[in-house]
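# Commentary on secondary and tertiary structure
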Amino acid sequence: MSKNKNIKFDSKCVHSGIGEYEFGPVVPPIYQTSTFKFESAAHGASLFKGEKEGYIYTRMSNPTVEAMEKSVAELEGGFKALGCASGMAAISTAFTALLKANDHVICSKSVYGPTSTLLRTIFEKFNVETTFVETSEINEIKNAVKSNTKVIYVETPGNPTLSITDLQKAAKIAHDNNAKLVVDNTFMSPALQQPLALGADVVVHSMTKFLNGHADVVAGIIVVNDEETYKEFRRVLNQMGGVIDPFNSFLVHRGLKTLALRMQRHNENATEIASFLESHPKIKWVRYPGLESHPQFEIGKKQHFGPGGMITFELKGGFNAGEKLMNSVNLCQLAVSLGGVETLIQHPASMTHLTMGKEARETAGITEGLVRLSVGIENVGDIISDLENALDQVMEPATEKINNAV
Ligand SMILES: *Cc1c(COP(=O)(O)O)cnc(C)c1O
């Protein structure tokens, strides 16, 4: 770690977390083993007592996992990181470590669906109460604080509205009230946003997305700022058991090497595509942190190093137009998830949020023509051509209305 102290972020992506191993490999080997031999009974005892450093059992620690954790901790500017089996394992472990019965959570309204469900069902069952507010309106956070508020949980940019929360202000409210600020940094990655430096106490990620970046791993991570929090989180993760395995750690660590490069291309491609979409006659509005039309454009510019790869837009033709667009794209892959090298497109009203019903969708801000695009690293001209051709297949809004009336 110390030898990497003065190198820049893109160099850290390549070099961080890599230690010394037998035979001198430049890449950490995959220690695909569940358990580790003790040299003697006394050695085993000293490991369990924590007197000696070493490995006991892979749920507790594993060198391949540790290498990846070290890398993410360095990239996020944190003390240490804890690799988890998925983003949801990371989020549920963080809540479990920070909360007890009768505590209160303030959570972004615009949050990854299962995170909100987790709080509303499982944590509710254990008497943890959650208030969902629009955290991009800082006063909504302030007004929701109670004497038992222990966690303020923010996703910025939020899913799927891409609303941006001022992290420095959110951290101040948390700390003034003896609560912790937990930030889901999945949409930005540490290449574009480093919440710990802005005052957050804990960062969580779905590494399934930009950190791994290649759509071939489900994984998560928690990054913390100090030894005491780390020990407590490690104890909880060890007991809850949602750890990442060595092979997935290896794949994520490999993906991290190109994180800076990939995010740069995601920024460039998405910026160009967002402008193209904003000027298209069949599109009502485009939400992208890099567009001046974004309601929190200035806050975004202040706290992130780039606008990222996620775009949300609304088709004038509503539900039918959304379905038609999904069936007309070719290069863009019709799939949920995000943050991979390939461009993914999704229409929540006919896909992820279909069974929710129109009214519930409206309350959640999921309009009928809403499309979510995770812009990949392909040639930007190819992505735009694909979207242009697909949009040509979408009926004019006027025609659509007549058809709906029939
Ligand atoms: C995907 C995602 C998660 C959940 O991650 P999994 O790896 O699917 O468990 C959490 N937060 C955000 C913002 C996500 O996009």
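Calculation notes
- Residues numbered from 1 in each chain as written.
- Predicted model: local features only at pLDDT ≥ 70, side-chain atom pairs only at ≥ 80, totals over all residues.
- Heavy atoms only, no water.
- Near = heavy atom within 4 Å.
- Polar contact = N/O pair within 3.5 Å; in protein donor to acceptor, adjacent residues only side chain to side chain.
- Areas by Shrake-Rupley, 256 points an atom, 1.4 Å probe, with all protein chains shown as cover.
- Helix = DSSP H or I, 4+ residues; strand = E, 2+ residues; numbered from the N terminus.
- Nonpolar A, V, L, I, M, F, W, Y, C, P; charged D, E, K, R; others polar.
- Axes fitted to C-alpha atoms, helices over the stretch in contact; angles between N-to-C directions.
- Parallel < 35°, antiparallel > 145°, perpendicular 65-115°, else oblique.
- Left-handed = near helix turned anticlockwise from the far one by under 90°.
- Contact = heavy atoms within 4.5 Å.
- Buried < 20%, exposed > 50% of the residue type's maximum accessible area, 1.4 Å probe, protein only.
- Pairing = 2+ DSSP bridges.
- Core = buried A, V, L, I, M, F, W, Y, C linked by side-chain atoms within 4.5 Å.
- Domains from an automatic or database assignment.
- Buried area = accessible area lost by both parts, 1.4 Å probe.
- Salt bridge = Lys/Arg side-chain N within 4 Å of Asp/Glu carboxyl O.

### A closer look at the site of the ligand
The environment of the ligand is made up of 14 residues, and the closest members are M88, D184, S206, T208 and K209. The contact in question runs from an oxygen atom of the ligand to an N or O atom on the backbone of M88, over 2.8 Å. Measuring from an oxygen atom of the ligand, one finds a side-chain N or O atom of T208 at 2.7 Å. Protein chains bury 93% of the 380 Å² of accessible surface belonging to the ligand in isolation. No other element matches the 3 residues that helix 4 (residues 87-98) contributes to the shell around the ligand. Partitioned by chemical class, the residues of the shell around the ligand number 6 nonpolar, 5 polar and 3 charged.

### Details of the packing of helix 12 (residues 318-328) against helix 14 (residues 380-393)
Relative orientation of the contacting elements helix 12 and helix 14 amounts to 135°, with a least axis distance of 8 Å. Relative to helix 14, the element helix 12 is oriented oblique. Our pair here, helix 12 against helix 14, has a crossing hand that is right-handed. Facing helix 12, whose interface residues are K324, L325 and S328, helix 14 presents A390, L391 and Q393. Class assignment of the residues belonging to the contact of helix 12 with helix 14 gives a composition of 3 nonpolar, 2 polar and 1 charged.

### Let's talk about the environment of Q264
One can find Q264 in helix 10 (residues 259-278). What makes Q264 partly exposed here is its relative accessible area of 45%. When the C-alpha positions of Q264 and F305 are compared, they lie 9.9 Å apart, and in sequence the two are 41 residues distant.

### Topic: the pairing of strand 1 (residues 80-84)
Both faces of the sheet carry side chains from a regular strand, because those side chains alternate between them. Among the 5 residues that make up strand 1, 4 are buried, leaving the element largely enclosed by the rest of the structure. Across 5 bridges, strand 1 lies against strand 7 (residues 220-224) in antiparallel orientation. Across the sheet, L82 pairs through a bridge with I222, a residue of strand 7.

### Remarks on the sheet that holds strand 3 (residues 129-133)
Pairing in this open sheet of 7 strands is mixed, and the strands run 1-7-6-5-4-2-3 from one edge to the other. Each of the sheet's edge strands pairs with one partner strand only, and the pair in question is strand 1 and strand 3. With strand direction ignored, the average angle separating the axes of adjacent strands in the sheet is 20°. Strand direction decides the pairing type here: strand 5 (residues 180-184) and strand 6 (residues 202-206), joined by 3 bridges, are parallel. Looking across to strand 6, one finds that V183 is bridged to V203. This element, helix 5 (residues 113-125), spans strand 2 (104-108), strand 3 and strand 4 (149-155) of the sheet and lies at about 145° to strand 3. Across the face of the sheet, helix 8 (residues 227-240) comes into contact with strand 1, strand 6 and strand 7 while running at roughly 15° to strand 1.

### A word on the nonpolar core
Within the largest apolar cluster, 47 residues are counted, with the highest numbers of intra-cluster contacts made by V72, I141, I152, L181, M207 and I221. For this core, the secondary structure elements donating two or more residues are helix 3 (63-76), helix 6 (138-144), strand 4, helix 7 (167-176), strand 5, strand 7, helix 9 (246-256) and helix 10. Two domains each put at least three residues into this core: domain 1 (9-16 + 62-256) and domain 2 (259-405). Setting aside its immediate chain neighbours within four residues, I141 contacts I106, V133, T135, I152, T165, A170 and I173. Listed in part, the 29 residues of the second largest apolar core include V105, V111, V151 and Y153.

### Considerations on the sheet that holds strand 10 (residues 333-334)
Strands sit in the order 8-9-12-11-10 across an open sheet of 5 strands; the sheet is mixed. In this open sheet, the two edge strands, each paired with only one partner strand, are strand 8 (283-287) and strand 10. For strand 11 (residues 344-346) and strand 12 (residues 370-374), the ladder comprises 3 bridges, and the chain directions are antiparallel. Residue pairing for strand 12: Q346 is matched across the bridge by R372.

### Examining the domain arrangement of the protein
What the domain assignment lists for the protein is domain 1 (9-16 + 62-256) and domain 2 (259-405). At the interface, 36 residues of domain 1 touch 33 residues of domain 2. In this assembly, domain 1 packs against domain 2 so that about 2,700 Å² is buried in total across both faces, 64% of it on carbon and sulfur atoms. When residues of domain 1 are sorted by the area they lose upon contact with domain 2, I164, L192 and F210 head the list and together hold 28% of the total. At the junction of domain 1 and domain 2, the tally comes to 1 salt bridge. With a closest N to O distance of 2.9 Å, K302 and D166 form a salt bridge. Summed over the shared surface of domain 1 and domain 2, the result is 13 residue pairs in polar contact (both at pLDDT 80 or more). Where the side of domain 1 that touches domain 2 is concerned, the elements lending two or more residues are helix 1 (9-15), helix 7 and helix 9. The element best represented in the side of domain 1 that touches domain 2 is helix 1, accounting for 3 residues.

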